[in-house]
Amino acid sequence: MNETTGGIEDGDGSGIVKKFMFVNRKAPYGTIYALEGLEVVLISAAFDQDVSMVFLDDGVYQLAKGQHTKAIDVKNFSPTYRALEGYDIEKLYVERESLEIRGLNAGDLLVPVEVLSSAAMGDLMKTQDVVIGF
Amino acid sequence: MNETTGGIEDGDGSGIVKKFMFVNRKAPYGTIYALEGLEVVLISAAFDQDVSMVFLDDGVYQLAKGQHTKAIDVKNFSPTYRALEGYDIEKLYVERESLEIRGLNAGDLLVPVEVLSSAAMGDLMKTQDVVIGF
Amino acid sequence: MVNEGPYTHQASDSAYLFAKATLEKGHQIHRVFFYHDGVNNATRLTEPPQDDRNVVTRWSKLAEDHGVDLVVCVAAAMRRGIRDENLAPGFRISGLGQLVESGIQADRLVVFGD
Amino acid sequence: MVNEGPYTHQASDSAYLFAKATLEKGHQIHRVFFYHDGVNNATRLTEPPQDDRNVVTRWSKLAEDHGVDLVVCVAAAMRRGIRDENLAPGFRISGLGQLVESGIQADRLVVFGD
Amino acid sequence: MLHIVNKSPFENTTLASCLRVACKGGGGALLLIEDGVYAATKNSIAGNVVRSAMGDIQVYALWPDVEARGIQDRVLEGVKMVDYGGFVDLVVEHSNVQSWL
Amino acid sequence: MLHIVNKSPFENTTLASCLRVACKGGGGALLLIEDGVYAATKNSIAGNVVRSAMGDIQVYALWPDVEARGIQDRVLEGVKMVDYGGFVDLVVEHSNVQSWL
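What comes next concerns the included structure. (Residues numbered from 1 in each chain as written. Chains lettered and ligands numbered in written order. Predicted model: local features only at pLDDT ≥ 70, side-chain atom pairs only at ≥ 80, totals over all residues. Heavy atoms only, no water.)

As a further point, take the interface of chain B and chain D. Accessible area lost upon the coming together of the parts is a frequently used measure of interface size. Contact with chain B, which involves 21 residues of that partner, is made by 20 residues of chain D. Of the roughly 1,700 Å² buried where chain B meets chain D, counting both sides, 61% is carbon and sulfur surface. Counting across the interface, chain B meets chain D through 3 salt bridges. Here Arg-79 of chain D makes a salt bridge to Glu-36 of chain B, at a shortest N to O gap of 2.8 Å. Applying the counting criterion to the chain B and chain D interface returns 10 residue pairs in polar contact (both at pLDDT 80 or more). Grouping the amino acids of the side of chain B that touches chain D by side-chain chemistry returns 12 nonpolar, 4 polar and 5 charged. (Contact = heavy atoms within 4.5 Å. Buried area = accessible area lost by both parts, 1.4 Å probe. Salt bridge = Lys/Arg side-chain N within 4 Å of Asp/Glu carboxyl O. Polar contact = N/O pair within 3.5 Å; in protein donor to acceptor, adjacent residues only side chain to side chain. Nonpolar A, V, L, I, M, F, W, Y, C, P; charged D, E, K, R; others polar.)

Next comes the structure, spelled out in structure tokens:
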């Protein structure tokens, strides 16, 4: 989202621009939270708010490359993360420690992200208006 | 259950007596598994099987004394554990380590139980015919 | 925002008791949004044991007594079999945008879930 | 034994794929028992997105093609709003005793849940 | 910022994540509800973790949930009890709220 | 005895409980399914735990779940892959089954 124009075309007509943070902490497929969370994020794009997405804990697995879901007969929704840029959702943050204990690094992820320390992630959260976790 | 008469009056008329173990690993109230699990155990009593109940991990909290649920407007089902004896369900096992890391001991529990080591609990599980966890 | 269905998780109970306390303190509730399995709070077909609370009718009564807007997400509801034909009084089915709009309009958004 | 509802947890998917593999291997399925939120697998009112699997009709078809007995626990179903009026084909509502009876009669009992 | 944790610390790593990420730097509050209240019990491993976090954050627990679980006599010193009204006040007092689900 | 674990070891203590209680003494098997398959990844904390348990138990993982999660290239050596048919065979081969939910 471009913050300088955010208020002009926003979806509910109120002109308010708030900082929304969506916190993704669940792995994909085992439960539906990751998929339904992503649906909220996509909808939020229509409201021209200041949206950021955070991937913490097992949420980092949502961004893993190479997901093939045919054999479990569930839709692979990981390509949608690549499409977020088209919705002007460009602020993607991943916690470093969540990657490390899983043996992952930023190169294993589907999309470019900003890797933050736990403390930096916490500081970012504090500045938000609305925090919704999945 | 009295094992010597178990086969005679069993509920499905098949004469088969199997070892059923119900493994309770969830705390009460936060989720319904403990309550609905208890309902299965009570029904199983009608089938004259060799029933045992195991309390592991947060499942030990199901047996905590002093539960008062009025302020959360949920039924306190903990007295039912005291009634199990009346259903001839007398084999209650608790894992020692589950108590210890929670700062509990057998005296904190509503009913008399047999406290087992992890290894003894594992050995008991292996001898079962049907294991159902909640 | 309520994310879990009645009885299975305590989320719906906590949300209801929090909502009631909010009204008692004189605050306004802009909306209660039901998402994920939370949409199952809106079925009029539940019939809990007589000695148990009725989670669904409790929400309906909150809507009736205090005009609270109870919104069920349509996409989540369709996946789980909640439609107008089994919708309890006081609930309405609408889009996810209603959640985002609440986030914009309300002073605080509190999530209850699993 | 299936303990969780459709879509929210993978339990129902895993159980279905396991059941299918069981039949393909030439084994018999004595019964599939739906408990806890698993009863929500039995609602005929679900309408998932077109590009998604339909968990409910998949179970119904398994019952039709292979005569698999799909039993929904009555007590769990009443709490969650599953009744004859919204029950999908191939499912029947019955008591918890059917679960215990399956444990006695079948060679193996496998639980899928959260 | 108000953080809400509703999971048992003995079963789930949610509390640990919350403390690691968000409760550093001071000024925040942690409210334990539902099965999260088990973290407020003394002489337990989780209780020790909560006690050492108290320097950085204020810790609250929802009394109705504490009482329901029968742990009212073993609550860690320094954990403040609130009822649902107090829960509402905490939400009002903090500029934002995160539920760690 | 066949033990089934379907929870991520990074989020939940279920795998640890299973290994502590039931997988000692030998002769058993552990099948990782759903989010449980993350325990079979090398260079991770959970993977190290699984590797050290391999002396006592046979460890299997459900390939469709491994592949769905994109971890097929980082699977721990010694973990045997099965499909749903192999899952059925494991259930048949063992006299009883416990799902650690």
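In this structure the tally under the stated criterion is 8 cavities of 30 Å³ or more. Empty space within the largest cavity amounts to approximately 610 Å³. As for the largest cavity, its lining consists of 46 residues, and the residues nearest its centre are Asp-114 of chain C, Asp-114 of chain D, Lys-7 and Asn-12 of chain E together with Glu-11 of chain F. Partitioning the lining of the largest cavity into residue classes produces 9 nonpolar, 19 polar and 18 charged. Reported here for the second largest cavity is a volume of approximately 70 Å³. What lines the second largest cavity is Lys-18, Asp-129, Val-130 and Val-131 of chain A, Gly-103, Ala-106, Asp-107, Arg-108 and Leu-109 of chain C together with Ser-95, Asn-96 and Val-97 of chain E. (1 Å grid on protein atoms, 1.4 Å probe; cavity = no way out; pocket = protein on both sides within 12 Å on 5 of 7 lines; lining within 4 Å. Points joined across faces, edges and corners; volume = space filled by probe spheres on them.)

Our next topic: the interface of chain D and chain F. Listed per partner, the contact involves 17 residues of chain D and 18 residues of chain F. Note on chain D versus chain F: buried area summed over both sides is about 1,500 Å², and carbon and sulfur give 60% of it. When the area that chain D buries against chain F is broken down by residue, the three leading residues are Gln-10, Phe-18 and Arg-108 of chain D, summing to 35%. Counting every contact that joins chain D to chain F gives 2 salt bridges. Across the chain D-chain F interface, the total number found is 10 residue pairs in polar contact (both at pLDDT 80 or more). By residue class, the composition of the side of chain D that touches chain F is 8 nonpolar, 6 polar and 3 charged.

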